Amino acid sequence: METSCAVAAARTCDRIEAEDGEIQAFVPEPGRRERLARAARVADERWGDVDGRPPLYGVMVGVKDIVHVEGMPTGAGSDVPAEVLAGAEASLVGRLREAGALVAGKTVTAEFAVTAPGPTRNPHHLGHTPGGSSSGSAAAVAAGMVPLAVGTQTIGSMIRPAAYCGVVGFKPTHGRVPSDGVIPNAPTFDTVGLFAPDVATLAPAAAVLCDGWRPSGEGAVTAAGRRPVLGVPLGPYLDRADAEARSSFEERAGHLTAAGFTVRRVPFPDDFERVVAEQRVINRYELARSHAVWFPRHGERYREQTVEAIREGRRMSHDAYAAALRARAGFRERLVAAMDRDGIDLWITPAATGPAPYGLESTGNSVMSLPWSYAGAPALALPAGRAANSLPLGVQCVARPGADERLLGWAPDVESVLVGTSAPV
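The structure contained in this document is the topic of the report that follows. Keep in mind that this is a model prediction, so the values were computed, not measured.

Rules used in this analysis
Residues numbered from 1 in each chain as written. Predicted model: local features only at pLDDT ≥ 70, side-chain atom pairs only at ≥ 80, totals over all residues. Heavy atoms only, no water. Axes fitted to C-alpha atoms, helices over the stretch in contact; angles between N-to-C directions. Helix = DSSP H or I, 4+ residues; strand = E, 2+ residues; numbered from the N terminus. Parallel < 35°, antiparallel > 145°, perpendicular 65-115°, else oblique. Left-handed = near helix turned anticlockwise from the far one by under 90°. Contact = heavy atoms within 4.5 Å. Nonpolar A, V, L, I, M, F, W, Y, C, P; charged D, E, K, R; others polar. Pairing = 2+ DSSP bridges. Phe/Tyr/Trp six-rings, centres within 6.5 Å; stacked < 30°, edge-to-face > 60°. Buried < 20%, exposed > 50% of the residue type's maximum accessible area, 1.4 Å probe, protein only. Lys NZ or Arg CZ within 6 Å of the ring centre and 35° of its normal. Patch = residues over 30% accessible without salt bridge, like charges linked within 9 Å, V, L, I, M, F, W, Y side chains within 5 Å. Areas by Shrake-Rupley, 256 points an atom, 1.4 Å probe, with all protein chains shown as cover. Salt bridge = Lys/Arg side-chain N within 4 Å of Asp/Glu carboxyl O. Lys, Arg positive; Asp, Glu negative; His and termini not counted. Charge placed at Lys NZ, Arg CZ, Asp CG, Glu CD. Core = buried A, V, L, I, M, F, W, Y, C linked by side-chain atoms within 4.5 Å.

### Comments concerning the packing of helix α10 (residues 272-290) against helix α13 (residues 318-342)
For the pair α10 and α13, interaxial distance at closest approach is 9 Å and the crossing angle is 130 degrees. In this view, α10 runs oblique relative to α13, as classed from their interaxial angle. Between α10 and α13 the crossing geometry is left-handed. Each of Arg274, Val275, Glu278, Val281, Ile282, Tyr285 and Glu286 in α10 lies in contact with α13, whose residues at this interface are His318, Ala320, Tyr321, Ala324, Leu325, Ala327, Arg328 and Phe331. For the contact of α10 with α13, a count of residues per class yields 10 nonpolar, 1 polar and 4 charged.

### Focus on the sheet that holds strand β8 (residues 346-350)
The pairing of strands in a sheet happens through backbone hydrogen bonds and is either parallel or antiparallel. With respect to topology, 10 strands assemble into an open sheet ordered β2-β1-β3-β5-β4-β9-β10-β8-β6-β7, the strand pairing being mixed. Either end of the sheet is taken by a strand with one partner, and the two such strands are β2 (102-107) and β7 (262-267). Going from strand to strand, the sheet's axes swing by 30 degrees on average, the running direction of each strand aside. Here helix α2 (residues 32-46) sits on the sheet in contact with β1 (60-64) and β2, set at roughly 150 degrees to β2. The strands that helix α15 (residues 404-419) touches are β4 (168-171), β8, β9 (379-386) and β10 (392-398); relative to β9, the one it contacts most, it runs at about 5 degrees.

### A few points about the packing of aromatic side chains
Applying the stated criterion across every chain, the model contains 12 aromatic pairs. Measuring from ring centre to ring centre gives 5.5 Å for Tyr237 and Phe272, while their planes differ by 70 degrees; the resulting arrangement is edge-to-face. With Tyr237 in the loop between β6 (229-234) and α9 (243-258) and Phe272 in helix α10, this pair connects stretches of sequence that are 35 residues apart. Residue Phe272 is classed as buried on the basis of its relative accessible area, which comes to 1%. Under the relative-accessibility criterion, Tyr237 is labelled buried at 0%. The side chain of Arg227 reaches across the aromatic face of Phe261, ending 4.3 Å from its centre. The residue whose ring lies beneath Arg289 is Tyr285, and the NZ or CZ to ring-centre distance is 3.7 Å.

### Remarks on a positive patch on the surface
A contiguous patch of positive charge on the surface is contributed by Arg289, Arg311, Arg314 and Arg315. Ranked by residue count, the leading element in the positive patch is helix α12 (residues 304-315), at 3 residues. Within the secondary structure layout, Arg289 lies in helix α10.

### Concerning the pattern of salt bridges
Pairs can form between side chains of opposite charge whenever their charged atoms are close. One pass over the structure, following the stated rule, counts 25 salt bridges. Between Arg246 and Glu250 there is a salt bridge; the shortest N-O distance is 3.3 Å. Placement of both Arg246 and Glu250 in helix α9 is noted, with a separation of 4 residues, approximately one turn of the helix. Judged by its relative accessible area of 26%, Glu250 is partly exposed. A salt bridge links Asp340 to Arg400; its shortest N-O distance comes to 2.5 Å. Taken together, the positions of Asp340 in helix α13 and Arg400 in the loop between β10 and α15 put the pair 60 residues apart, joining distant regions of the chain.

### What about the nonpolar core?
Counting 138 residues, the largest nonpolar core has Leu92, Phe112, Trp347, Ile348 and Leu380 as the members making the most contacts within it. Once residues lying within four places of it in the same chain are set aside, the contact partners of Phe112 are Ala76, Ser78, Val80, Leu85, Ile183, Asn185, His291, Trp294, Tyr302 and Thr306.

### Points about unusual backbone geometry
For the bond running from Gly132 to Ser133, omega is 5 degrees, close enough to zero to count as cis. With respect to the helices, strands and loops of the structure, Ser133 is situated in the loop between β2 and α5 (135-142). In this model, Phe268 is joined to Pro269 through a cis peptide bond whose omega is -15 degrees. Along the chain, Pro269 falls in the loop between β7 and α10. Despite not being glycine, Ala76 shows a phi value in the positive range, around 55 degrees. Inspection of the secondary structure assignment puts Ala76 in the loop between β1 and α3 (82-85). Accessibility expressed as a relative area gives 0% for Ala76, which makes it buried. A positive phi angle, near 80 degrees, is found at Ser390, a position not held by glycine. Mapped onto the elements of the fold, Ser390 is located in the loop between β9 and β10.

Okay, structure coming up:
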């Protein structure tokens with residue numbers, strides 16, 4: 001007799017076979033069904049006692065193809081031979097397995113998680129980008145192929161595709177999820193996170209992956225016993241959102257106010273263009289160093305967007321890089337000070353500059369995530385209505401660094417308001 005885990009594995013394969021020919025969220029894998037059936041049998045034998053099953057028992061997970069998974073090649077969306085990129089399985093994958101999850105497959109990424117898009121299409125409209133670089137993970141969840149997927153974010157590689165695809169995306173505080181076994185882009189910013197259809201599905205997986213998770217007690221929302229104070233960061237940053245995204249966001253902010261949330265409008269940051277420039281220095285400098293061995297040997301296999309980014313990083317001086325790191329530390333301090341001064345628990349912003357652009361040549365604009373990724377703060381994208389062309393829009397919630405538990409603890413209350421006001425603008 002089949003168990004729930006075996007049934008879930010078979011159904012996942014059915015959905016991938018039915019949907020992924022058009023969407024192309026998963027890296028093709030001959031023998032996927034047989035591999036998952038074997039893994040399901042092992043899980044069922046290990047956790048036959050229903051009462052003893054772990055929190056992610058039978059959950060099928062897509063894993064971004066820059067994360068090493070034992071028995072699966074890592075291509076990183078590139079033409080570099082998989083044996084060149086090979087490495088030991090990421091410890092985060094082991095955590096998922098020990099919590100009962102099964103790896104449904106590798107999901108498509110932009111080349112080396114930079115900007116050159118993969119073949120994935122937006123499930124809501126195949127002619128539009130799903131975002132990047134965690135394109136396959138977001139699209140796989142949006143299309144209902146898996147309920148959970150692992151992605152990474154350097155600037156906006158999770159929050160933006162979550163918004164474009166109409167799913168929940170969680171980028172934890174930088175460093176809270178181990179990054180061993182993950183091909184680096186820029187280690188100062190690279191952060192492993194999750195996609196799911198809703199916060200309730202995502203939260204147990206976040207508790208499994210994040211180091212030192214505190215489900216109750218100090219730092220948890222249950223200790224606060226109140227709704228968060230929401231802050232809207234006014235100024236040149238918010239002005240980067242297009243008219244439709246801004247209008248939708250202001251409407252959602254109004255609904256949150258009407259629902260009883262305190263929403264405060266605060267000018268921040270006052271040096272946004274400088275933040276953009278400093279972030280780029282750190283990102284490009286570290287990207288070039290991450291590819292210091294592979295690029296000289298296999299650079300002819302890299303796509304032009306990645307080549308340009310690496311060459312830019314090679315031209316940057318160590319002094320400029322060191323100065324940018326110092327500026328980043330100062331910005332992080334100013335972010336926390338601004339939240340303390342104005343009593344803000346969560347910033348709320350548009351999750352992207354607008355709906356997913358038409359075409360597959362670009363993954364879209366990551367600027368709405370930039371200052372928060374720069375600071376290493378935890379961020380969450382929540383679906384929030386649709387644009388006039390019916391594509392999804394999202395709201396981003398950002399907590400102070402280290403407050404991941406509070407962010408996810410408060411999120412269902414915010415989510416319930418946004419879901420209840422999801423009519424097209």
